[in-house]
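An overview of the molecular structure
Read off the chains here:
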Amino acid sequence: MSKFTVLDLFSGAGGLSKGFLDAGFDVLLGVDNDNAALSTFELNHNGAKALSLDLSDKKVFKDIENIIGNRELDVIVAGPPCQGFSLSGPRNFDDERNKLYLAVIKTVKTFKPKAFIIENVPGMATLYNGEIKDEILKRFKKMGYNISCKILCAADYGVPQMRRRLIFMGVRKDIGEPHFPNPTYDEKNYITCRDAISDLPSRESELGENTDIYIDLPKTKYQIKMRGKCKVLSNHVGTNHTTLVRETIALVPEGGNYKDLPEGWGESRKFNEAWTRYDGNKPSKTIDTGHRNHFHYKYNRVPTVRENARLQSFPDDFVFLGTKTQQYRQVGNAVPPLLGFALANELIKILEKEFK
Ligand SMILES: C[S@@+](CC[C@H](N)C(=O)[O-])C[C@H]1O[C@@H](n2cnc3c(N)ncnc32)[C@H](O)[C@@H]1O
């Protein structure tokens, strides 16, 4: 078992580092400025510390150093929010507005880890004709890293979700070259929404409790894997929709959206993702941070936090803290742990110098 150490920057609830934890890494610390997300992180990361910091503040490095102490930091993983990239473009990459990204660059510069992973939305690859991405590659190369980036789809790694993310992988030049994990699933065997959540109580006639019990047995391998040894069903609370919402979504077939509504229905929400009902026979669309636009493939309600967590590949014993809105945000923001796990396993091979 690897005991390489990990620092998770912009950790949120820690989906990415949960994958590293499950692959055998020693996750030391998560840093974020969302206290509810940090409580979730601390509860679910096997003794890792959680530090509440505004990472746009240049003086925070001492606080991180104090916690890491004299332990060597092997890997940094980071999911900086990408809103706020400067409109003045990459020539002004050092612009204040890019400070969250600069915080990642500065942390890598300070700790010189053996490797790092940065996660972003796919749109980042083509922002300013790719100049932002190229600038990031250039800066890390200059700092002594071999670096490469690729858009990965979570469904290709066993996650029941078509979530695409741009991943940067950097490996210190004395250690080796970056290498992305090969997909292990494709359209023929993708895990579907039904595979992922069909065993969970319907929550149509009663909303359920935050800590509850399973009623049905697991029906699929994926459900067995997500339940593990978990005996308590948490974060599976239904939403009390208005009659109008229930009647409107009832008109949308599996896999449909607002375009399937009759003239005059659902007028208040008419944009791309509005009134989307998942298709039970496919992976879900990208789980977002809200809980208004996506609906269960079968029931006339939005998915519960636990259903979204299943679609993000969080195991059932990973418990989300905070208000329901905060829980939905933590789940929607996360890198699916199974994608993190695939990246972590690939990094182990690189760190153990299996690729020469
Ligand atoms: C995309 S999410 C990261 C998700 C995480 N990697 C995961 O897998 O669960 C971005 C995170 O950045 C945090 N964040 C935004 N601005 C911040 C700041 N100024 N300082 C620290 N954290 C910040 C947000 O609270 C959010 O949790």
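An account of the accompanying structure is given in this report.

Parameters at a glance
Residues numbered from 1 in each chain as written. Predicted model: local features only at pLDDT ≥ 70, side-chain atom pairs only at ≥ 80, totals over all residues. Heavy atoms only, no water. Buried < 20%, exposed > 50% of the residue type's maximum accessible area, 1.4 Å probe, protein only. Helix = DSSP H or I, 4+ residues; strand = E, 2+ residues; numbered from the N terminus. Pairing = 2+ DSSP bridges. Salt bridge = Lys/Arg side-chain N within 4 Å of Asp/Glu carboxyl O. Axes fitted to C-alpha atoms, helices over the stretch in contact; angles between N-to-C directions. Parallel < 35°, antiparallel > 145°, perpendicular 65-115°, else oblique. Left-handed = near helix turned anticlockwise from the far one by under 90°. Contact = heavy atoms within 4.5 Å. Nonpolar A, V, L, I, M, F, W, Y, C, P; charged D, E, K, R; others polar. Near = heavy atom within 4 Å. Polar contact = N/O pair within 3.5 Å; in protein donor to acceptor, adjacent residues only side chain to side chain. Areas by Shrake-Rupley, 256 points an atom, 1.4 Å probe, with all protein chains shown as cover. 1 Å grid on protein atoms, 1.4 Å probe; cavity = no way out; pocket = protein on both sides within 12 Å on 5 of 7 lines; lining within 4 Å. Sits in = over half its atoms within 2 Å of the grid points. Phe/Tyr/Trp six-rings, centres within 6.5 Å; stacked < 30°, edge-to-face > 60°.

Comments concerning the pairing of strand β4 (residues 75-78)
The two faces of β4 match: Val75 and Val77 on one face and Ile76 and Ala78 on the other face are all buried. Inspection of the sheet shows β4 paired to strand β5 (residues 115-120) by four bridges, in the parallel sense. For valine 75, the partnering residue across the bridge sits in β5 and is alanine 115.

Brief notes about the pattern of salt bridges
For the coordinates displayed, the defined rule picks out 21 salt bridges. Where lysine 62 meets glutamate 65, a salt bridge forms, and the shortest distance between an N and an O atom there is 3.1 Å. You can see lysine 62 and its partner glutamate 65 sitting in helix α3 (residues 61-68), three residues apart, about one turn around the helix. Judged by relative accessible area, lysine 62 falls into the exposed class, the value being 53%. Among the ionic contacts, a cluster of salt bridges with common partners joins Asp199, Arg227, Arg310 and Asp316.

Here we look at the packing of helix α1 (residues 15-22) against helix α11 (residues 337-351)
At a minimum axis separation of 7 Å, α1 and α11 run at an interaxial angle of 50 degrees. Taken together, α1 and α11 sit at an angle that is classed as oblique. Pair α1 / α11 crosses with right-handed handedness. Across the interface between the two elements, Gly15, Leu16, Lys18, Gly19, Phe20 and Asp22 of α1 pack against Pro337, Gly340, Phe341, Leu343, Ala344 and Leu347 of α11. Across the contact of α1 with α11, the residue classes break down as seven nonpolar, three polar and two charged.

Focus: the site of the ligand
With respect to spatial proximity, 19 residues lie near the ligand, and among them Gly15, Asp32, Asp54, Leu55 and Val335 are the closest. At 2.6 Å from an oxygen atom of the ligand is found a side-chain nitrogen or oxygen belonging to aspartate 32. Leucine 55 is positioned such that a nitrogen or oxygen atom in its backbone is 2.8 Å from a nitrogen atom of the ligand. With the chains in place, 87% of the 610 Å² that the ligand exposes on its own is no longer accessible. For the ligand, the cavity whose grid points lie within 2 Å of the majority of its atoms is the largest pocket.

Details of the packing of α3 against helix α4 (residues 99-111)
As a packed pair, α3 and α4 sit with axes 12 Å apart at the nearest point and diverge in direction by 45 degrees. Considering the angle they form, α3 stands oblique to α4. Between α3 and α4 lies a crossing whose hand is right-handed. On α4, the residues that touch Phe61, Ile64, Glu65 and Ile68 of α3 are Ala103, Lys106, Thr107, Thr110 and Phe111.

A look at the packing of aromatic side chains
Summed over the entire model, instances satisfying the criterion amount to eight aromatic pairs. Aromatic side chains phenylalanine 4 and phenylalanine 25 sit 6.0 Å apart centroid to centroid with 40 degrees between the ring planes, which places their arrangement in the tilted category. Within this pair, whereas phenylalanine 4 is found in the segment before β1 (5-9), its partner phenylalanine 25 is found in the loop between α1 and β2 (26-32), the two being separated by 21 residues in sequence. Pair check on accessibility: phenylalanine 4 and phenylalanine 25 agree, each one buried. Aromatic side chains phenylalanine 116 and tyrosine 145 sit 5.2 Å apart centroid to centroid with 65 degrees between the ring planes, which places their arrangement in the edge-to-face category.

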